[in-house]
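Commentary on secondary and tertiary structure
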Amino acid sequence: MATVSPKPNHVRSISLPGRSHPTIQRVEEELNKLKSLEVSVAPAALSNGLIGLEKSYKCIDDLLNLPQTLQALSQSLNAKWLDDLLDKSVRLLDVCGTIRELVSQCKDNVRDLQSSLRRRKGDSTTDDSVERFTSFIKKIKRGAKIIVSSLKQMDQETEVSVLLDADQDTIAVIRALREANSVCISFFQMILSFLCVPLLKPKPSKWSLLSRLVQKERIASECQEENMSLETRLETFEAYLDSFEDGLDATFRRLIRSRSSLLNIFSC
């Protein structure tokens, strides 16, 4: 079964021009910290990456509100790159909100399955819950492919030539925003990939089930072991979902502030 492939090792070490203000250095430092976190879809790395994203956008918001930044960018109100950044800001907000909703739905489905496992008494409710959970993950995978395709397209649409005639301060701000957006896109892809990883083993064949029916004690022991293993995996998965939800909430708020700051430039 096909999986959603994250964008591999996209973030590179950056060096922004126009280091006249410490905020530029802080933006560069926060973005470069994310480089080592983007080489895998390890859940802890993803959680730390979301924390890093929130910090990066906070620094960028500080940068956007500097007097010299406002002055530099307000002289380019009709520039194509500003339209590009504004467009990306709203699209990233939409995607962040969508992924946050998917994570929330995942948590609900995990808790339903956990509840079913706890009250299991030989009836078919657990099998039904497993079926519902498996169907939900398949639905997540189909939706994730669409979102990832949209993210890849977004990451390829950036206009570069417009930077050639810009001053150094403007270039520094544009590159910082573009780097942050690119990092954001990459981590969103990796979270979607993580959500699509199956937690449950495939169903055994009918012949396998038949052969095991003659070994009732062994079946009971194996079922208990499998349920305990599944419960442990579900608890771990739920903990990761909690951390993703917190990180996405913080990132969402920062994306809103970043967009607001960009819009304020238009009103200058």
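Keep in mind the model is a prediction, meaning the values are calculated, not measured. (Residues numbered from 1 in each chain as written. Predicted model: local features only at pLDDT ≥ 70, side-chain atom pairs only at ≥ 80, totals over all residues. Heavy atoms only, no water.)

Another aspect to go through is the overall build of the protein chain. Tallying secondary structure elements over the protein chain gives eight helices and zero strands in all. Starting at the N terminus and walking to the C terminus, you meet the elements of the protein chain as α-α-α-α-α-α-α-α. For the protein chain, the residues scored as buried account for 44% of the 268 residues in total. Surface summary for the protein chain: the accessible area is close to 14000 Å², and the carbon and sulfur share equals 52%. (Helix = DSSP H or I, 4+ residues; strand = E, 2+ residues; numbered from the N terminus. Buried < 20%, exposed > 50% of the residue type's maximum accessible area, 1.4 Å probe, protein only. Areas by Shrake-Rupley, 256 points an atom, 1.4 Å probe, with all protein chains shown as cover.)

Take empty space enclosed by the protein next. The final tally for this structure, using the stated rule, is two cavities of 30 Å³ or more. Estimates place the volume of the second largest cavity at around 50 Å³. Secondary structure elements with two or more residues in the lining of the second largest cavity: helix H4 (80–118), helix H6 (168–195) and helix H8 (216–266). (1 Å grid on protein atoms, 1.4 Å probe; cavity = no way out; pocket = protein on both sides within 12 Å on 5 of 7 lines; lining within 4 Å. Points joined across faces, edges and corners; volume = space filled by probe spheres on them.)

Let us look at the state of the cysteines. This model, assessed by the stated rule, comprises zero disulfides. In this model Cys 106 remains outside any disulfide bridge; the closest cysteine sulfur is found in Cys 196, 8.5 Å from its own. Under the relative-accessibility criterion, Cys 106 is labelled buried at 0%. (Disulfide = S-S within 2.5 Å.)

Detailed conclusions should not be drawn from predicted coordinates in areas where pLDDT is low. Of all residues in the protein chain, 69% have pLDDT values of 70 or greater, and the mean over the chain is 75. The model gives residues 5–19 a pLDDT under 50, and that stretch makes 50 contacts with residues more than four places away or in other chains. Counted against residues more than four places away or in other chains, residues 202–222, with its pLDDT under 50, gives seven contacts. (pLDDT = per-residue confidence, 0-100. Contact = heavy atoms within 4.5 Å.)

Moving on: the nonpolar core. Nonpolar side chains in soluble globular proteins tend to be buried together. Counting 65 residues, the largest nonpolar core has Phe 188 and Leu 195 as its most contacted members. Of all the secondary-structure elements, those providing two or more residues to this core are helix H1 (22–33), helix H2 (43–64), H4, helix H5 (125–155), H6 and H8. Among the elements that take part in this core, H6 stands out by supplying 16 residues, more than any other. Among all residues touching Phe 188, those that are not within four sequence positions of it are Leu 92, Val 95, Cys 96, Ile 99, Leu 151 and Leu 248. (Core = buried A, V, L, I, M, F, W, Y, C linked by side-chain atoms within 4.5 Å.)

Right, let's get into the pattern of salt bridges. The tally for this structure, following the rule as stated, stands at nine salt bridges. Here Asp 84 makes a salt bridge to Lys 88, at a shortest N to O gap of 2.8 Å. Here Asp 84 pairs with Lys 88, and both are found in helix H4, just four residues apart, close to one helical turn. Its relative accessible area of 12% is what places Asp 84 among the buried residues. Ionic pairing is found between Asp 242 and Lys 107, a salt bridge with its closest N-O pair at 2.7 Å. Of this pair, Asp 242 sits in helix H8 while Lys 107 sits in helix H4, placing them 135 residues apart in sequence. You can call Asp 242 partly exposed: its relative accessible area is 29%. By sharing partners, the salt bridges in this structure join Lys 107, Asp 242 and Glu 245 into a single network. (Salt bridge = Lys/Arg side-chain N within 4 Å of Asp/Glu carboxyl O.)

Time to look at the environment of Ala 239. Looking at the secondary structure, you find Ala 239 in helix H8. What makes Ala 239 partly exposed here is its relative accessible area of 43%. Taking the C-alpha atoms as reference points, Ala 239 and Pro 43, 196 residues apart in sequence, are found 9.9 Å from one another.

What helix H3 (residues 67–74) keeps buried is the set Thr 69, Ala 72 and Leu 73. Along the axis of H3, the buried positions cluster into a sector of 90°, meaning they face one direction only. Within H3, the exposed residues directed more than 90 degrees away from the buried face are Pro 67 and Gln 71. (Arc of directions from axis to C-beta.)

Turning next to the packing of aromatic side chains. If you walk through the whole model with that rule in mind, you get three aromatic pairs. Considering the side-chain rings of Phe 194 and Phe 237, the 5.7 Å spacing of their centres and the 35° angle between planes classify their relative orientation as tilted. With a gap of 43 residues between them, Phe 194 in helix H6 and Phe 237 in helix H8 connect regions that are remote in the sequence. On the basis of relative accessible area, Phe 237 is assigned to the buried category, the value being 4%. Look at Phe 194 and Tyr 240: their rings are 5.9 Å apart centre to centre, the planes differ by 85°, and that puts the pair in the edge-to-face class. Of the two residues, Phe 194 sits in helix H6 while Tyr 240 sits in helix H8, which places them 46 residues apart along the sequence. Residue class for Phe 194 comes out buried when judged on its relative accessible area of 12%. Tyr 240 gets classed as partly exposed once you look at its relative accessible area, which sits at 29%. Each member of the aromatic cluster is reached from another via a ring pair, and the members are Phe 194, Phe 237, Tyr 240 and Phe 244. (Phe/Tyr/Trp six-rings, centres within 6.5 Å; stacked < 30°, edge-to-face > 60°.)

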